[in-house]
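Breakdown of the fold
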Amino acid sequence: MRVVWHASRVIAPGLLALLVVGCSGGGSSAPTSAPVSGLASEAGRATSPAPTAEPSASVAPQVSPRPSTGWGIAPDEQATDAQLGAYTGLSSVLPGQAFDVFAGADAPTEGTVAAYRLGPYGGAGGALVAGPIPVSVPAAGAPVTDPDTRAVSAPWNATRRLDTTGWPPGFYFIQVTAAGKKTNVPFVVRSPEVTDAVVFIAGDVTWQAYNTWGGRSLYTGPGGFADRSYAVSFDRPYTSEWQIWYDYDVSAVNVLEAAGVPVAYTTVAAVAADPAALEGAAGAMSNGHDEYWPLSYRNALVTARDGGTNLAFLGANAGYWRVRMADSSRGPGRVVLGYKSATLDPLQDDPQTTARYRDEPYPLPENAVIGQLYDCFPSQGDMTIIEPGFFLFDGTGVTQDTAIPGLIGNESDRAFARPETPRPIQIPALSRAVCKGTTTYSTMTYYTTGSGAGVWASGTMNWGRAMSGPNAQFGLTEATTAFTRMVTANLARAMTSGPMARSHPARDDYALIESLPDVNNAGSGTD
């Protein structure tokens with residue numbers, strides 16, 4: 001759904017020092033110069049992808065990250081879109097694979113590129129892995145708009161190529177500095193091995209859906225929603241307007257790394273390209289705003305679950321929109337196609353037609369995977385605990401009817417008595433919320449499967465936001481933060497103990513779900 005409340009937001013380094021849950025956790029080559037341009041409207045019309053370096057054949061010693069607060073950007077240092085922009089030629093790589101950094105400023109200037117890995121790091125919130133490396137930043141070229149899909153790209157020359165040999169897998173910021181301004185580009189070094197680990201899946205496809213750099217996204221264009229893009233490209237900077245990963249990815253990474261469990265890393269786009277990427281994982285964890293799913297990504301989650309891999313959904317509104325990936329001239333999977341209409345999409349009556357998953361053609365409602373359906377924006381309320389003995393609540397101190405302040409919102413899900421809803425399904429928290437001036441409910445759900453997998457979902461988008469710390473705008477208090485961090489850490493530990501159904505089979509609360517009003521507030525999904 002369209003999120004209209006967001007504003008420019010920069011996280012100070014000290015904030016993530018609070019994210020420790022109580023457990024300990026865990027050279028560059030010459031720049032390329034050939035211009036790369038062009039954007040395909042459809043996969044079948046894509047130009048040939050540019051070659052990329054393969055991971056190093058030999059195993060190199062790991063770089064030793066140096067704890068640093070330098071990854072943080074103060075509000076007066078944050079570059080606007082007009083001042084400085086940057087993006088990476090790949091949104092994720094395996095260790096040892098090289099990638100290009102593209103940068104452009106309002107005027108030619110000198111600057112630096114650095115790579116920071118995020119994590120607790122003794123309270124620093126991150127660590128310097130590479131750089132700062134001096135670079136020349138040229139004047140940014142004008143955005144290019146594809147006439148068919150309205151997708152915006154920035155066909156700039158590469159500024160610097162970075163070699164990830166020795167970089168540990170993780171969630172990174174590639175930071176570009178020029179003329180006293182900075183910008184962070186989220187980036188993932190994927191884990192080559194995920195066996196028995198909790199795999200954190202960064203939401204890169206959803207980041208692009210909301211990215212308005214160049215004046216367009218899957219939500220809007222110069223003429224509003226009707227003038228929106230039908231595709232969005234990774235070949236452009238992220239806007240400074242809303243840096244979505246601060247709300248939903250960074251906090252989860254820090255909690256997981258502090259939980260003392262094996263953590264592996266990937267992205268939605270990477271799993272979509274390689275659906276076997278989750279094979280053997282103890283758990284797969286969707287970030288707090290994982291709204292846009294290629295069909296192959298959804299299938300990968302289902303296959304992993306049916307093979308015994310536990311799943312978790314930290315937010316709400318996940319798996320709502322079906323999208324598909326296409327190639328750009330930079331390489332495969334660099335374009336996200338999302339017409340948001342089975343009528344407008346040139347690919348008609350196909351399992352990959354880009355409408356809502358719950359709609360025709362070939363409906364696959366999201367509750368079949370998550371356990372619940374997206375219900376409301378905007379929603380607001382406290383989370384109410386109704387099963388204080390639920391295993392993930394250990395150490396939280398909650399009792400019957402404990403209210404967790406502000407935790408429901410600003411989008412929320414709930415379980416419905418529908419044929420697709422998995423069973424047995426348990427409801428540890430059932431919360432009233434204000435939805436568009438009326439009353440609705442939000443549910444925390446946990447269901448178990450014949451494979452042994454357990455699937456947990458928070459039912460609220462504020463979960464990830466709460467893990468970052470108290471937030472007066474949403475009514476999130478220190479108690480809310482403590483609760484979400486503890487439950488998430490408990491979840492990670494339970495996942496790595498094996499298929500959760502074996503130790504914690506779900507109790508079936510379907511009768512409770514049937515007693516709730518069968519009204520879904522999501523509407524048509526066209527605005």
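The structure reproduced in this document is the subject of the present report. (Residues numbered from 1 in each chain as written. Predicted model: local features only at pLDDT ≥ 70, side-chain atom pairs only at ≥ 80, totals over all residues. Heavy atoms only, no water.)

This part is about the nonpolar core. Among the nonpolar cores identified, the biggest contains 136 residues, and Phe171 and Trp456 are the most heavily contacted of them. Here this core takes 7 residues from helix α8 (residues 478–496), the largest share from any one element. When sequence neighbours within four positions are dropped, the list of residues in contact with Trp456 reads Leu311, Ala312, Phe313, Leu314, Phe390, Leu392, Met444, Thr445, Tyr446, Trp463, Val487 and Leu491. (Core = buried A, V, L, I, M, F, W, Y, C linked by side-chain atoms within 4.5 Å. Buried < 20%, exposed > 50% of the residue type's maximum accessible area, 1.4 Å probe, protein only. Helix = DSSP H or I, 4+ residues; strand = E, 2+ residues; numbered from the N terminus. Contact = heavy atoms within 4.5 Å.)

Below, the discussion takes up helix α5 (residues 295–306). Helix length check: α5 (12 residues) gives 16 Å between terminal C-alpha atoms against 16 Å at 1.5 Å per residue, within 8%. Among all positions in α5, only Leu295, Tyr297, Arg298, Ala300, Leu301, Val302, Ala304 and Arg305 are buried. Downstream of α5 by a residue or two, Gly308 has a phi angle that is positive, lying close to 105°. (Expected span 1.5 Å × (residues − 1).)

Once that is clear, we can look at the sheet that holds strand β7 (residues 126–137). With mixed pairing, the 6 strands of this open sheet are ordered in space as β2-β7-β6-β11-β12-β4. Single-partner strands in this sheet number two, and they are β2 (66–67) and β4 (92–93). In this structure, strand β6 (residues 109–118) lies alongside strand β11 (residues 170–178), joined through 7 bridges in antiparallel fashion. Along β11, the bridge assignment pairs Thr112 with Thr177. Along the sheet, helix α3 (residues 250–258) makes contact with β6 and β11, crossing β6 at roughly 45°. (Pairing = 2+ DSSP bridges. Axes fitted to C-alpha atoms, helices over the stretch in contact; angles between N-to-C directions.)

Under the criterion given, the structure shown has 1 disulfide. Linked covalently through their sulfurs, Cys376 and Cys435 form a disulfide whose S-S length is 2.1 Å. Across the S-S bond linking Cys376 and Cys435, the dihedral sits near 105°, which makes this disulfide right-handed. Of this pair, Cys376 sits in strand β21 (residues 373–384) while Cys435 sits in strand β23 (residues 425–435), placing them 59 residues apart in sequence. What makes Cys435 buried here is its relative accessible area of 0%. (Disulfide = S-S within 2.5 Å.)

What follows covers the packing of aromatic side chains. A complete count under the given rule lists 32 aromatic pairs for this structure. Centre to centre, the rings of Phe171 and Phe173 are 6.1 Å apart; their planes meet at 70°, and the pair counts as edge-to-face. With a relative accessible area of 0%, Phe171 lands in the buried category. Note on Phe200 and Tyr265: the rings are 6.5 Å apart at their centroids and 70° apart in plane angle, and the pair reads as edge-to-face. Here Tyr265 lies in strand β15 (residues 263–267) and Phe200 lies in strand β13 (residues 198–202), a separation of 65 residues in the sequence. Members of the aromatic cluster, joined through ring pairs, are Trp71, Phe171, Phe173, Trp207, Tyr238, Trp245 and Tyr246. The residue whose ring lies beneath Arg228 is Phe225, and the NZ or CZ to ring-centre distance is 4.2 Å. Geometry around Phe416 places Arg414 over its ring, the cationic atom sitting 3.9 Å from the centre. (Phe/Tyr/Trp six-rings, centres within 6.5 Å; stacked < 30°, edge-to-face > 60°. Lys NZ or Arg CZ within 6 Å of the ring centre and 35° of its normal.)

As a general feature of sheets, a regular strand has side chains that alternate between the two faces. Counting buried positions over the 8 residues of strand β19 (residues 321–328) gives 6, a clear majority of the element. Alignment of strand β17 (residues 292–294) against β19, held across 3 bridges, turns out to be parallel. Bridged to Pro294 within β19 is Val323. In this structure, β19 lies alongside strand β20 (residues 331–337), joined through 4 bridges in antiparallel fashion. Paired with Ala326 across the two strands is Val335, which belongs to β20. If you look at the hairpin formed by β19 and β20, you'll find 2 residues sitting between the two strands.

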